[in-house]
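Summary of the model geometry
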Amino acid sequence: MSQSSIIPVRPEIAEKAWLDEAGYHKLYQQSVADPEGFWAEQGKRIHWFKPYSQVKDVSFAPEDVHIRWFHDGTTNASYNCTDRHLATKKDDTAIIWEGDDPSEHKHISYGELHEEVCRLANAMKANGVKKGDRVTIYLPMIPEAAYAMLACARIGAIHSVVFGGFSPDALAGRIQDCESAFVITADEGVRGGRKIPLKANTDKALASCPNVQKVLVVRRTGGRIEWSEGRDLWYHEECAKVSDDCPAEEMNAEDPLFILYTSGSTGKPKGVLHTTGGYLVYAAMTHQYVFDYHDGEIYWCTADVGWVTGHSYIVYGPLANGATTLMFEGVPNYPDASRFWQVCDKHKVSIFYTAPTAIRALMREGEAPVKRTKRDSLRILGTVGEPINPEAWLWYHRVVGDERCPIVDTWWQTETGGILISPLPGAIDTKPGSATLPFFGVKPVIVDADGKHLEGACEGNLCIADSWPGQMRTVFGDHERFVQTYFSAYPGRYFSGDGCRRDEDGYYWITGRVDDVINVSGHRMGTAEVESALVAHAKVAEAAVVGYPHDIKGQGIYAYVTLVAGEEPSEELRKELVQWVRKEIGPIASPDLIQWAPGLPKTRSGKIMRRILRKIAENDYGNLGDTSTLADPGVVDDLVGNRMNRS
Ligand code: WTA
């Protein structure tokens, strides 16, 4: 790696930062040499009702995986995000909400946030929600989404936020899996000027969720909706009936805070379970250091609260730190491609955190939409969700940040709760495309396929050697699956599912998933989910789905489809199948390309050889590898001959 591709820390950033380079290395050494001592100290950054005396109780041994942090302490995440700030920040802005329509915005102070959360918590209690109950939240990006999460946390209910772009079927699956009896939704969402029929989707989903007793509906648009008497309740009416006094429930550090469904390489999405104390400590600490957050700054993460990034870095991390967090209802290109930067100017945003796919899409529009805005409030830029290609990194740095703003490329996962590998703006020189160095307490190890621990500059599979407080604790209702998925490939270590290279400076470069998970526009998807949606169609006999490189989305979805005997391929059927997958899962899962495959390459034992399908989709035929173990090598020639052109 040549010196020219290192972007050094800027002195004016280092001067203001919480930590400089020496400070980072010193604290990192402490954190890995004495994790107990380190986290005993860091745990104090949140308020505990009863302080912990125990810090860490962890085993990664496959026969006994358990992870507990601060486990004799009691606290409450909602208390930490609201009550705790009332003495000093009652009138300071907690949330800036920017509507889809640029003429709509509002500021919510910590005092108002507290009141809203307490009222909703009381309204939920009045409607039968109790500690430990699961509550499904299916909302657009409106402040009520944050109120709903914090209201659950306040009374000890476990929230499961489902992204508003998911279909009724996907919503139903998630409600059934965690057995929620209570759902919070809105009449409609609004994105890019278009309405999203959230209540109608919920109605459809609930046809297969007899367990659900109540649906609380936020009035966002006033659009026409169906109403089920006895089940449906208006959010504003229920909140008006109750008091705004609702003491926060005393929760054990290890009581569940939320479930968030995420895709894996096999089967249905898993309910990733995060607990209260360790998660909040880790979210708050990473938010402070990775974004170098200082009091009074305006911080904006463009994610949706339906993803973990929204949980940790729109809601819990920033609010635990008493920050001002901006919540955006819209999309990057509405009304036009300047929107992100207009919002930065309008609200004087200093820290801006988005995904590579958004950067690439905006890059395509050229520099003018960026350059017509000032962006002089920006101090730090961040990226997350997928590997960022150096071209996009450099464009972000030069065009958006005017070469003034450091970029933090943050690697982490739903499972990790918070950022594990990232530069710190005042401490770590960056290299475009590298997530650089581990956060405090994080011990990355790179292993080869046999589990051998690789040293120095190397490439392999990324594992983490020891626990950190934000780590997921289990798969909801299926601890065996948790152990199997993360701790069986390389016993004694957490396996991330990502490939990774470490360079001669010890910098980490994430190369993407090494399992059957694809990352489409930063949205994580199991190829198996898309396949099972396809084969659920009456005309489909078999399907295999792989990712292929896509200029904007990072990866696109390439589906090989075998029709049932007697069905003829047609353009119409292709469109029908795309619509079908949208309906089954949601628009984010729409196949970009469908290739009709008379047969799929299989081993003699019947296993589909995805490696070959990936190569064909990538246009890499010269390199198909050994096809001699195929039951019918002839199918490969047919697939190569008829492959789809990538646009
Ligand atoms: C990928 C999102 C490269 C990775 C927080 C990971 C990244 C998956 C980065 C998790 C990054 C996330 N560089 N790849 N900075 N951040 N990923 O669970 O493959 O939605 O395993 O969590 O996204 O996606 P998830």
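The protein chain is annotated in an unreviewed UniProt entry as Acetyl-coenzyme A synthetase from Aquibaculum arenosum. Checking UniProt for the protein chain, the heading Cofactor (unreviewed entry) contains the comment "Mg(2+)". Among the UniProt annotations of the protein chain, the heading Sequence similarities (unreviewed entry) holds the following wording: "Belongs to the ATP-dependent AMP-binding enzyme family."

Quick look at the sheet that holds strand β5 (residues 105-109)
Taken in spatial order, the 7 strands make up an open sheet running β5-β4-β17-β16-β18-β19-β20, and their pairing is mixed. Two strands bound the open sheet, and with one partner strand each, they are β5 and β20 (407-409). Direction aside, neighbouring strands of the sheet carry axes that sit 20° apart on average. Where strand β16 (residues 298-301) lies against strand β18 (residues 351-354), 3 bridges are found, and the strand directions are parallel. Across the sheet, residue Cys301 finds its bridge partner in β18, namely Tyr353. Each of β4 (93-98), β5, β16, β17 (324-328) and β18 is contacted by helix α13 (residues 339-347), which is oriented at about 140° to β4, the strand it contacts most.

Notes on the UniProt feature "binding site: CoA" (unreviewed entry) in the protein chain
Here, UniProt's "binding site: CoA" (unreviewed entry) annotation points to Arg191, Gly192, Gly193, Arg194, Thr309, Asn333, Ser521 and Arg582. The named residues occupy 392 residues along the chain; their greatest pairwise C-alpha distance, 24.0 Å, places them well apart from one another. Its place among the elements puts Gly193 in the loop between β9 (189-191) and β10 (194-196). Non-local contacts of Gly193, meaning those with residues more than four positions away in its chain, are made with Asp100 and Tyr334. Tracing the chain through its elements places Arg194 in strand β10.

Observations concerning the pairing of strand β27 (residues 517-520)
Alternating positions in β27 separate into two faces, Val517 and Asn519 on one and Ile518 and Val520 on the other, with burial throughout. A loop of 2 residues connects β27 with strand β28 (residues 523-526), the two strands running antiparallel in sequence, and Ser521 in this loop sits at a positive phi of about 50°.

With respect to the sheet that holds strand β14 (residues 256-262)
As summarised here, the arrangement of the 8 strands in space is β12-β11-β8-β6-β7-β14-β15-β24, forming an open sheet in which the pairing is mixed. Pairing within the sheet leaves two strands with one partner each, and these edge strands are β12 (232-234) and β24 (474-475). Taken together, the 4 bridges between strand β6 (residues 134-138) and strand β7 (residues 158-161) define a ladder with parallel strand orientation. Looking at the pairing, Ile137 lines up with Val161 of β7. The strands touched by helix α8 (residues 168-178) are β6, β7, β8 (182-186) and β14; relative to β6, the strand with the most contacts, the crossing angle is about 165°.

Considerations on the pairing of β4
Counting buried residues in β4 gives 5 out of 6 residues, a clear majority hidden from the surface. As judged from the 5 bridges shared by β4 and β5, these two strands associate in the antiparallel manner. Considered in β5, the bridge of Ile95 is made with Ile108. Between the end of β4 and the start of β5, which pair antiparallel, lie 6 residues. Relative to β17, β4 runs parallel, the two being bridged by 4 bridges. Paired with Trp97 across the bridge in β17 is Met327.

Section: the side chain of Asp498
Along the chain, Asp498 falls in strand β25 (residues 494-502). The side chain of Asp498 is buried and forms no salt bridge, while Arg513, the nearest opposite charge, is found at 4.1 Å.

Some words on the UniProt feature "binding site: Mg(2+)" (unreviewed entry) in the protein chain
According to UniProt, the positions carrying the feature "binding site: Mg(2+)" (unreviewed entry) are Val535, His537 and Val540. Structurally, Val535 is set in helix α18 (residues 527-535). Ignoring any residue separated from it by four or fewer positions in sequence, one finds Val535 in contact with Val540, Ala541, Glu542 and Ala543. Looking at the element boundaries, His537 is found in the loop between α18 and β29 (540-550). For His537, a relative accessible area of 6% corresponds to the buried category.

Focus: the nonpolar core
With 164 residues, the main nonpolar core has Leu113, Met124, Tyr316, Leu424, Phe440 and Val561 as its most contacted residues. Once residues within four sequence positions are removed from consideration, Phe440 is found in contact with Leu19, Tyr24, Leu27, Tyr28, Ser31, Phe38, Trp39, Tyr282, Met285, Tyr289 and Leu424. Ranked by size, the runner-up nonpolar core spans 28 residues in total, among them Leu326, Ala337, Trp341 and Cys405.

A short note on the pattern of salt bridges
By the definition in use, this model includes 40 salt bridges. The salt bridge partner of Glu254 is Arg473, with a shortest N-O separation of 3.0 Å. Highlighted residues: Glu254 in the loop between β13 (251-252) and β14 and Arg473 in the loop between β23 (458-464) and β24, separated in sequence by 219 residues. Owing to a relative accessible area of 16%, Glu254 belongs among the buried residues under this scheme. Taking the relative accessible area as the measure of exposure, Arg473 reaches 7% and is therefore buried.

A few points about the confidence of the model for the protein chain
The pLDDT averaged across the protein chain works out to 96; a share of 99% of its residues lies at or above 70. Reported confidences for the modelled complex are a pTM of 0.95 and an ipTM of 1.00.

What counts, and where the lines are drawn
Residues numbered from 1 in each chain as written. Predicted model: local features only at pLDDT ≥ 70, side-chain atom pairs only at ≥ 80, totals over all residues. Heavy atoms only, no water. UniProt positions renumbered as here; feature names shortened; annotations may be inferred. Pairing = 2+ DSSP bridges. Helix = DSSP H or I, 4+ residues; strand = E, 2+ residues; numbered from the N terminus. Axes fitted to C-alpha atoms, helices over the stretch in contact; angles between N-to-C directions. Contact = heavy atoms within 4.5 Å. Buried < 20%, exposed > 50% of the residue type's maximum accessible area, 1.4 Å probe, protein only. Lys, Arg positive; Asp, Glu negative; His and termini not counted. Salt bridge = Lys/Arg side-chain N within 4 Å of Asp/Glu carboxyl O. Core = buried A, V, L, I, M, F, W, Y, C linked by side-chain atoms within 4.5 Å. pLDDT = per-residue confidence, 0-100.

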